[in-house]
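# Chain and residue survey
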Amino acid sequence: MTNALPVCCTVHVRVPATSANLGSGFDAAGLALEYFDELTFTWNGDLDDSSAIVAIHGEGEDTLPRDGRHLVVKTFRTACKAFGLPKLGFALEAENRIPQARGMGSSAEAIVAGVAAAAAFAGLGDTDVAGTDCAAGFGTSFDVDRDAVFALAAGLEGHPDNVAPAVYGSMTVSWNRAGEDTVLVQDYSAETGEPDGTATEPLDPGFRTVNYAVADTLRATVFVPDFELSTEKARHALPSGVPFADATFNLARSAMLPAAVNPAVTTGDDPNLANALLFDALDDKLHQPYRLPLMEPTARLVARLRAAGFAASVSGAGPCALVLAHGDLDAAIDDAAAPALSNGHWKVLHLPVNRTGVQVSIR
Ligand SMILES: Nc1ncnc2c1ncn2[C@@H]1O[C@H](COP(=O)(O)OP(=O)(O)O)[C@@H](O)[C@H]1O
Ligand SMILES: N[C@@H](CCOP(=O)(O)O)C(=O)O
């Protein structure tokens, strides 16, 4: 790709928090939540400038680096190159609400922010703005090319389960075709049924995702503790293999997740049946048993909520706990959780599902 000029001077991105795994859907399922980081990228007019001026407000303002090690800065640079842009000097203003290293997809959010902003500067998507007239009105909504953002962001993050809902919204189930058999597929003659000597190119390896409808009734409660657990550390706690029966346990439950979040297709309007599906869908034997010893307060909270009949799991790699419910059960969930929250500081977030994914505006 040749170097292109940026199509605008400022890009604003709003990226939702996400909860990955949803219990049984380890490394596959993810849900976008109405809770956002907002970032503004302002190009300084230089086309060969490696500097970035970074301002951070909110989460991470005392801990995140403000140089090229900042995940958004690093990702933006990589994505600009991938999308054919030169080295844009820029200022970044970040309004961070998503807590970091807690299991609400902050690293995926940061990567999606950097990639979506670069895609917008490169004009990947639908816009009326042509050229680089900085006097153009602010806030033109830009319909970014979500597939391009997902492909690059998932590749950079390494696992797509948080990235997909941050890009597309709603609930997603994602997988990676890399490593699958890349042998050309043999074509067969329609007449004889025999191989006809030709071959079809296989689908490209890479990340794929399916975006599922989620019922309007679905609400999430996220319990955010005051301690962190990096995804990297939580992944180190995973075993190299699991018992066959445990894999089978998760298989049916994760296959049922799309019905559990959109139960009208199976259970009609009965919220009790719908919540019973969620309860089983959020159960898991593949990751939580190995990770919960790293987050004992979360373990106690999840156990307590499940004992009270709520569909609770670890959110992402933890240490947040997630409860999904159809209908407004916020007060009942808070009551059930209360005894497990008394030792420590927890923030409780009652959140609708986000249906838009990343939103981009430009000027
Ligand atoms: N908004 C952000 N801006 C810059 N870096 C971020 C941001 N959010 C997360 N990160 C980086 O990602 C790390 C957390 O990633 P991870 O352990 O995967 O946690 P999470 O579960 O929140 O995704 C942070 O320590 C930081 O390095
Ligand atoms: N499937 C991943 C999800 C990590 O999510 P995060 O929000 O904790 O970054 C895992 O379980 O490791």
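So, how was this worked out
- Residues numbered from 1 in each chain as written.
- Chains lettered and ligands numbered in written order.
- Predicted model: local features only at pLDDT ≥ 70, side-chain atom pairs only at ≥ 80, totals over all residues.
- Heavy atoms only, no water.
- UniProt positions renumbered as here; feature names shortened; annotations may be inferred.
- Helix = DSSP H or I, 4+ residues; strand = E, 2+ residues; numbered from the N terminus.
- Near = heavy atom within 4 Å.
- Polar contact = N/O pair within 3.5 Å; in protein donor to acceptor, adjacent residues only side chain to side chain.
- Areas by Shrake-Rupley, 256 points an atom, 1.4 Å probe, with all protein chains shown as cover.

The name given to the chain in an unreviewed UniProt entry is Homoserine kinase, and the organism recorded there is Bifidobacterium choloepi. Quoted straight from UniProt, the Sequence similarities (unreviewed entry) entry for the chain says "Belongs to the GHMP kinase family. Homoserine kinase subfamily." The chain has a UniProt comment under Catalytic activity (unreviewed entry) that states "L-homoserine + ATP = O-phospho-L-homoserine + ADP + H(+)".

## Some details on unusual backbone geometry
Between Gly318 and Pro319 the backbone carries a cis peptide bond, its omega angle lying at 10°. As for its position among the elements, Pro319 is in the loop between β12 (311–314) and β13 (321–326). Positive phi is not limited to glycine here, since Asp27 has a value of about 65°. With respect to the element layout, Asp27 can be found in the loop between β1 (10–20) and β2 (29–43). Despite not being glycine, Ser170 shows a phi value in the positive range, around 60°. Topologically, Ser170 is positioned in the loop between α4 (163–168) and β7 (171–176).

## Thoughts on the site of ligand 1
Close to ligand 1 lie 18 residues; Ala101, Gly103, Ser106, Ser107 and Thr231 are nearest. Here an oxygen atom of ligand 1 sits 2.9 Å away from a polar atom, N or O, in the side chain of Ser107. Taking Glu109, its side chain carries an N or O atom lying 3.3 Å from a nitrogen atom of ligand 1. Bound to the protein, ligand 1 loses 80% of the 560 Å² it would expose on its own. When residues of the shell around ligand 1 are traced back to their parent elements, those giving at least two are α1 (71–82) and α2 (106–121). Looking at the shell around ligand 1, the element that brings in the most residues is α2, giving 4 residues.

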